[in-house]
Amino acid sequence: GKLSINDFEIGRPLGKGKFGSVYLARTKTGHFHCAIKVLFKSQLISGGVEHQLEREIEIQSHLQHPNIIRLYNYFWDAKKIYLILEYAPGGEMYKQLTTQKRFTEAMAGKYMYEIADALSYCHRKNVIHRDIKPENLLIGAQGELKIGDFGWSVHAPSNKRQTMCGTMDYLPPEMVNGNSHSDAVDLWAIGVLCYEFLVGKPPFEHENQADTYSAIKAGRFTYPDFVKKGARDLIGKLLVVDPRRRCSLQEVKDHYWVTSMLDSCRRAAEKQKAERAA
Ligand SMILES: COc1cccc(-c2nc(Nc3cc(C)[nH]n3)cc3ccccc23)c1
């Protein structure tokens with residue numbers, strides 16, 4: 001029969017998003033864990049984002065990938081809309097990054113492989129995310145990256161102007177210039193993401209917006225000394241002003257630095273498993 005909130009036991013609140021809260025929950029039958037995002041219709045309407053939510057639901061409910069949070073189902077009552085989402089116990093990526101200041105090369109490289117795999121799956125379905133940043137990423141039970149929020153995704157190509165309420169550090173030159181954009185915006189964003197994973201702050205961050213904008217449009221940024229050659233090579237192939245010249249997601253997955261970091265993560269996991277078994 002029709003799914004309703006009464007089919008779930010609501011647990012602790014996990015946190016607040018922009019338009020509502022997220023709760024840990026489980027089904028009454030089978031105790032299946034999930035995360036329920038509760039959105040207030042009134043806030044969506046006053047925020048003028050109800051169509052964006054419809055698009056988010058339409059897109060995320062059709063995506064099934066190990067590095068993308070599943071949207072299992074949704075329903076509503078008089079005042080609220082409930083999204084039944086996959087639960088990622090590791091919590092938010094940006095909290096991890098804030099706590100650790102910056103990630104090791106091995107972690108950053110593994111996360112780059114995972115997000116490139118998730119985005120190539122999205123791009124094959126003609127979905128561009130458009131809002132890749134640590135705040136929209138979660139961490140799964142095995143420490144894997146999960147894209148958690150499709151609030152800004154659209155079907156490519158698009159020239160939708162959006163009112164940025166979040167950071168603009170991840171915006172590519174073509175969006176700063178208001179040109180129409182393609183799935184290459186996600187390539188730029190994972191270049192920014194890789195830099196932020198390794199350095200602890202994004203490459204174009206400046207005191208004032210004007211400096212950030214001009215740095216983005218010029219693709220002007222520098223590396224701290226500790227960023228090594230392999231990572232610089234990958235970032236340098238993604239943070240390219242001309243969207244047509246950015247390397248592809250497949251080239252990210254095949255990049256020598258990513259594959260070597262992935263191998264070192266796998267070896268470390270094997271070693272841990274062997275020690276636990278010992
Ligand atoms: C603002 O802080 C927020 C907001 C929303 C969720 C969390 C949060 N989420 C999840 N997992 C999730 C969330 C979703 C949609 N699926 N799996 C786990 C956590 C663990 C510790 C703290 C916080 C957590 C935080």
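Structure: see above.
Small disclaimer: the values here were computed from a predicted structure and weren't measured. Counting restarts for each chain, with residues numbered from 1 along the sequence as it is written. With the structure being a predicted model, the display of local features is reserved for residues of pLDDT at least 70 and the display and counting of side-chain atom pairs for 80 or more, all residues being used for whole-chain, interface and lining totals. Side-chain metrics rest on all non-hydrogen atoms present in the structure, leaving aside hydrogens and water.

**Points about the site of the ligand**
Here's step 1: Nearness is defined per residue: one heavy atom within 4 Å of the molecule or strand is enough. Around the ligand, a shell composed of 14 residues is seen, among which Leu14, Lys16, Glu86, Ala88 and Glu92 lie nearest.
Here's step 2: In protein, a polar contact requires one atom able to donate a hydrogen and another able to accept it; more generally it is a pair of N or O atoms within 3.5 Å, and residues adjacent in sequence count only if both atoms are side-chain atoms. In this structure, Glu86 approaches the ligand through a main-chain N or O atom, which is 2.8 Å from a nitrogen atom.
Here's step 3: Here an oxygen atom of the ligand sits 3.0 Å away from a polar atom, N or O, in the side chain of Glu92.
Here's step 4: The protein chains shown are the only cover counted for residues, whose accessible areas, like all others here, come from Shrake-Rupley with a 1.4 Å probe. Taken by itself the ligand offers 530 Å² of open surface, and the protein chains cover 82% of this.

**A short note on the nonpolar core**
Here's step 1: By size, the foremost hydrophobic cluster in this structure holds 55 residues, and its most contacted members are Met112, Ile115, Ile147, Ile190, Phe197 and Trp257.
Here's step 2: Only runs of H or I of at least four residues qualify as helices and only runs of E of at least two qualify as strands under DSSP, and these elements are numbered from the N terminus. Among the elements that make up this core, the one with the highest residue count is helix α6 (residues 184-199) (13 residues).
Here's step 3: The term nonpolar core refers to a set of buried residues drawn from Ala, Val, Leu, Ile, Met, Phe, Trp, Tyr and Cys, joined through side-chain atoms within 4.5 Å. A simple rule labels every residue: compare its accessible area, found with a 1.4 Å probe on the protein chains alone, to the largest value its type can have, and call it buried under 20%, exposed over 50%, or partly exposed in between. Of all hydrophobic cores here, the second largest spans 11 residues; its members include Val49, Leu53, Ile57 and Leu85.

**Observations concerning the pattern of salt bridges**
A side chain with one charge may pair with a side chain of the opposite charge, provided their charged atoms come close.
Here's step 1: The term salt bridge refers to a pairing of a side-chain nitrogen on Lys or Arg with a carboxyl oxygen on Asp or Glu at a separation within 4 Å. One pass over the full model with this rule turns up 14 salt bridges.
Here's step 2: Residue Lys253 pairs with Asp117 through a salt bridge whose shortest N-O separation is 2.7 Å. Here Lys253, found in helix α9 (residues 249-254), pairs with Asp117, found in helix α4 (residues 105-124); they are 136 residues apart in sequence, far enough to count as distant. The burial state of Lys253 is the same as that of Asp117; both residues are buried.
Here's step 3: In this structure, Asp233 and Lys237 form a salt bridge, with 2.9 Å as the shortest nitrogen-oxygen distance. In this pair, Asp233 and Lys237 are both assigned in helix α8 (residues 229-238), four residues apart and thus about one turn of the helix distant.
Here's step 4: You can call Asp233 partly exposed: its relative accessible area is 25%.
Here's step 5: Residue classification places Lys237 among the partly exposed positions, given a relative accessible area of 39%.
Here's step 6: Here the residues in one salt-bridge network are Glu86, Glu144 and Lys146, joined through shared partners.

**Remarks on the packing of aromatic side chains**
Aromatic ring pairs are reported here in terms of the distance separating the ring centres and the angle at which the planes meet.
Here's step 1: Centre distance within 6.5 Å is the pairing criterion for rings of Phe, Tyr and Trp, where only the six-membered ring of Trp is used; planes under 30 degrees apart are then read as stacked, over 60 as edge-to-face, and the remainder as tilted. Using the criterion set out here, one finds 12 aromatic pairs in the structure.
Here's step 2: Between the aromatic rings of Phe32 and Tyr72, the centroid separation amounts to 5.5 Å while the plane-to-plane angle is 75°, which identifies the pairing as edge-to-face. A residue pair is termed long-range when its members are at least 10 positions apart, and Phe32 in the loop between β2 (20-27) and β3 (33-40) and Tyr72 in strand β4 (residues 71-76) qualify at 40 residues.
Here's step 3: Looking at Tyr72, the relative accessible area reads 33%, which means it is partly exposed.
Here's step 4: By way of ring pairs, the aromatic residues Trp188, Tyr195, Phe204, Phe221 and Tyr223 are connected into one cluster.

**Looking at α4**
Here's step 1: A helix's residues, less one, multiplied by 1.5 Å, set its expected span. Its 20 residues give α4 an end-to-end C-alpha distance of 28 Å, which sits within 8% of 28 Å, the value for a rise of 1.5 Å per residue.
Here's step 2: Across the 20 residues that make up α4, a large majority, 16, are buried.
Here's step 3: A positive phi of about 60° marks Asn126, the residue just after α4.

**Points about the packing of α4 against α6**
Here's step 1: Contact pair α4 / α6: the axes reach a minimum separation of 10 Å and the direction vectors enclose 165°. When the axis of α4 is compared with that of α6, the two are roughly antiparallel. The way α4 lies across α6 gives a crossing that is right-handed. Within the contact between the two elements, α4 uses Glu105, Ala108, Tyr111, Met112, Ile115, Leu119 and His123 and α6 uses Asp186, Ile190, Leu193, Cys194, Phe197 and Leu198. Here an axis means a line fitted to C-alpha atoms, over the contact stretch when the element is a helix, while the angle between two N-to-C directions is reported on a 0 to 180 degree scale. Just so you know how the angles are binned, under 35 degrees is roughly parallel, over 145 roughly antiparallel, 65 to 115 roughly perpendicular, and the rest oblique. Note on convention: near helix rotated counterclockwise from far helix by under a right angle means a left-handed crossing. Clockwise means right-handed. The contact definition used throughout considers only heavy atoms, calling two residues in contact when any of these lie within 4.5 Å.

**Details of the sheet that holds strand β9 (residues 145-147)**
Here's step 1: Read across the open sheet, the three strands follow the order β6-β8-β9; overall the sheet is antiparallel. Each edge of the sheet is formed by a strand with only one pairing partner; in this case those strands are β6 (91-92) and β9.
Here's step 2: Strands pair, by our definition, only if DSSP identifies at least two bridges between them. Pairing of β6 with strand β8 (residues 137-139), which is carried by two bridges, proceeds in the antiparallel orientation. Pairing of Gly91 across the sheet is with Ile139, part of β8.

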